[in-house]
Amino acid sequence: MARKILIAGNWKMNMTGAEGAALIKEMKASCNGACCCDKAPEVLVCPPFMTIPAVKAETEGTPLLVGAQNIHWEEKGAFTGEVSGNMLNEAGITHVIIGHSERRQYFGETDETVNKRLKAALRHGLVAIVCIGETLEERENGTTEAVIERQVRGALADISADDMKNVVLAYEPVWAIGTGKVATDEQAQAVHAFIRGLLKQLFACPCVADNTRILYGGSMKPGNAAGLLAQQDIDGGLIGGAALKAADFLAIVKAAMA
Ligand code: PGA
């Protein structure tokens with residue numbers, strides 16, 4: 001089974017509901033079939049929680065998917081500032097990003113909390129995009145693979161092969177996020193192949209390694225997307241900055257169809 005390419009926009013803490021809806025409107029006006037023809041990849045946008053209803057309303061009747069940027073592991077309770085799976089279900093979204101490096105860096109996210117959030121996402125029938133990636137220091141120390149292995153094993157603890165049907169991994173080298181410094185095609189492919197190898201070790205059924213999508217994220221732009229997406233083990237992109245401009249995001253979607 002060929003892995004379907006997923007092009008996902010991580011809007012982070014950008015754009016109000018009105019601005020987000022306007023961006024979707026612009027994408028619809030200029031997509032020229034890029035988002036809905038046979039060869040089209042899955043196209044997802046992940047706006048901030050508050051703006052999901054406005055953005056979602058604008059996507060009605062299109063194949064555009066809408067996701068969130070986080071989920072809490074408890075169903076409800078005294079967890080100020082958090083959002084539960086029920087709330088995301090009520091909003092009618094399909095995907096959720098988990099363990100983004102900004103959450104790990106600024107909000108104390110650990111491999112253990114990533115695992116708990118992943119389990120909550122799966123319980124609520126959401127497709128989880130689990131982010132992993134090394135810092136510049138870790139790359140320079142030669143510990144990239146050890147870090148990735150720890151993050152993958154931690155995130156996927158107690159996750160079954162069946163659960164993996166709803167898990168997407170996103171390799172995002174921290175040094176490439178928002179810096180304009182993109183991993184080379186070869187650097188990215190090498191880590192993606194390493195991650196797929198880990199999945200082979202972790203799950204007895206080879207179907208997991210074969211079918212799990214591994215996205216690349218970190219300064220993916222119209223100019224470098226085609227090269228990255230052409231790599232054997234790169235199955236899409238998680239895009240920050242370039243997802244905030246309709247023309248750039250659509251250019252990446254088109255690069256995925258080449
Ligand atoms: P970037 O962000 O494309 O702006 O580097 C990617 C991400 O953080 O998901």
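Above this note sits the structure.
These numbers were taken from a predicted model, which means no experiment stands behind them.

*Asks:* I would appreciate a short explanation of the pattern of salt bridges in the present structure.
*Replies:* Two side chains with opposite charge may pair up if their charged atoms get near one another. Following the criterion strictly, the structure yields 17 salt bridges and no others. The partner of Arg123 in a salt bridge is Glu75, and the shortest N-O contact between them spans 2.8 Å. In this pair, Arg123 sits in helix H5 (residues 111-123) while Glu75 sits in the loop between strand S3 (65-68) and helix H3 (85-90), placing the two residues 48 residues apart along the sequence. Residue classification places Glu75 among the partly exposed positions, given a relative accessible area of 31%.

*Asks:* Before we go on, may I ask you to explain the state of the cysteines in this structure?
*Replies:* Cysteine pairs can be covalently joined through their sulfur atoms, and such a bond is termed a disulfide. Enumeration over the complete set of coordinates arrives at 1 disulfide. One disulfide in the model links Cys205 with Cys207; its S-S distance is 2.2 Å. Note on Cys205: relative accessible area 34%, which makes it partly exposed. Of all cysteine sulfurs in the structure, the one in Cys46 sits closest to Cys131, which takes part in no disulfide; the separation is 9.4 Å.

*Asks:* How should unusual backbone geometry be read in this particular structure?
*Replies:* Of all residues except glycine, most have a negative phi; of all peptide bonds, most are trans. One non-glycine residue with positive phi stands out, namely Lys12, at about 55°. Mapped onto the elements of the fold, Lys12 is located in the loop between strand S1 (6-10) and helix H1 (17-30). With a phi close to 65°, Asp158 is a non-glycine residue in the positive phi region. Judged by its relative accessible area of 67%, Asp158 falls in the exposed class.

*Asks:* Whenever I open this one, the site of the ligand confuses me. Can you help?
*Replies:* The immediate surroundings of the ligand are formed by 13 residues, with Lys12, His100, Glu172, Gly178 and Ser219 found nearest. Between Lys12 and the ligand, the recorded distance is 2.7 Å, taken from a side-chain N or O atom to an oxygen atom. The side chain of Glu172 places a nitrogen or oxygen atom 2.7 Å from an oxygen atom of the ligand. Surface burial for the ligand is 96%, taken as the share of its 280 Å² of free accessible area covered by protein chains.

*Asks:* Looking at this model, I keep getting lost on the pairing of S3. Mind explaining?
*Replies:* Two faces belong to every sheet, and in a regular strand the side chains alternate between them. Strand direction decides the pairing type here: strand S2 (residues 42-46) and S3, joined by 2 bridges, are parallel. The residue of S3 that forms the bridge with Val45 is Val66. Pairing between S3 and strand S4 (residues 95-98): 2 bridges, direction parallel. Within S4, the position partnered with Ala68 by the bridge is Val96.

*Asks:* Got a minute to help me understand the layout of surface pockets in this structure?
*Replies:* Leftover empty space is mapped by rolling, across the atoms, a probe with the size of a water molecule. The volume enclosed by the largest pocket comes to roughly 540 Å³. Lining the largest pocket are 20 residues; nearest its centre among them are Lys12, Met13, Gln69, Arg103 and Phe107. Among the elements that take part in the lining of the largest pocket, helix H4 (residues 101-106) stands out by supplying 3 residues, more than any other. Split into classes, the residues belonging to the lining of the largest pocket amount to 10 nonpolar, 6 polar and 4 charged.

*Asks:* Any chance you could explain the packing of H1 against helix H2 (residues 52-59) here in plain terms?
*Replies:* How two helices sit against one another is set out by the angle between their axes and by the gap between those axes. Following both chains from N to C, one finds H1 and H2 inclined at 20°, their axes separated by 8 Å at the closest point. One finds that H1 runs roughly parallel with respect to H2. You can see that H1 and H2 cross each other, and the crossing is right-handed. For the pair H1 and H2, the contacting residues are Gly17, Gly20, Ala21, Ile24, Lys25 and Lys28 in the first and Ala54, Val55, Glu58 and Thr59 in the second. Split into classes, the residues belonging to the contact of H1 with H2 amount to 4 nonpolar, 3 polar and 3 charged.

*Asks:* What is the right way to read the packing of helix H7 (residues 144-155) against helix H8 (residues 185-202) from this model?
*Replies:* Taken N-terminus to C-terminus, the directions of H7 and H8 make an angle of 45°; their axes are 11 Å apart at the nearest point. Viewed along their axes, H7 and H8 adopt a mutual orientation that is oblique. Relative to H8, the crossing made by H7 is right-handed. On H8, the residues that touch Thr144, Glu145, Ile148, Glu149, Val152 and Arg153 of H7 are Val191, Phe194, Ile195, Leu198, Gln201 and Leu202. Across the contact of H7 with H8, the residue classes break down as 7 nonpolar, 2 polar and 3 charged.

Rules used throughout
- Residues numbered from 1 in each chain as written.
- Predicted model: local features only at pLDDT ≥ 70, side-chain atom pairs only at ≥ 80, totals over all residues.
- Heavy atoms only, no water.
- Salt bridge = Lys/Arg side-chain N within 4 Å of Asp/Glu carboxyl O.
- Helix = DSSP H or I, 4+ residues; strand = E, 2+ residues; numbered from the N terminus.
- Buried < 20%, exposed > 50% of the residue type's maximum accessible area, 1.4 Å probe, protein only.
- Disulfide = S-S within 2.5 Å.
- Near = heavy atom within 4 Å.
- Polar contact = N/O pair within 3.5 Å; in protein donor to acceptor, adjacent residues only side chain to side chain.
- Areas by Shrake-Rupley, 256 points an atom, 1.4 Å probe, with all protein chains shown as cover.
- Pairing = 2+ DSSP bridges.
- 1 Å grid on protein atoms, 1.4 Å probe; cavity = no way out; pocket = protein on both sides within 12 Å on 5 of 7 lines; lining within 4 Å.
- Points joined across faces, edges and corners; volume = space filled by probe spheres on them.
- Nonpolar A, V, L, I, M, F, W, Y, C, P; charged D, E, K, R; others polar.
- Axes fitted to C-alpha atoms, helices over the stretch in contact; angles between N-to-C directions.
- Parallel < 35°, antiparallel > 145°, perpendicular 65-115°, else oblique.
- Left-handed = near helix turned anticlockwise from the far one by under 90°.
- Contact = heavy atoms within 4.5 Å.

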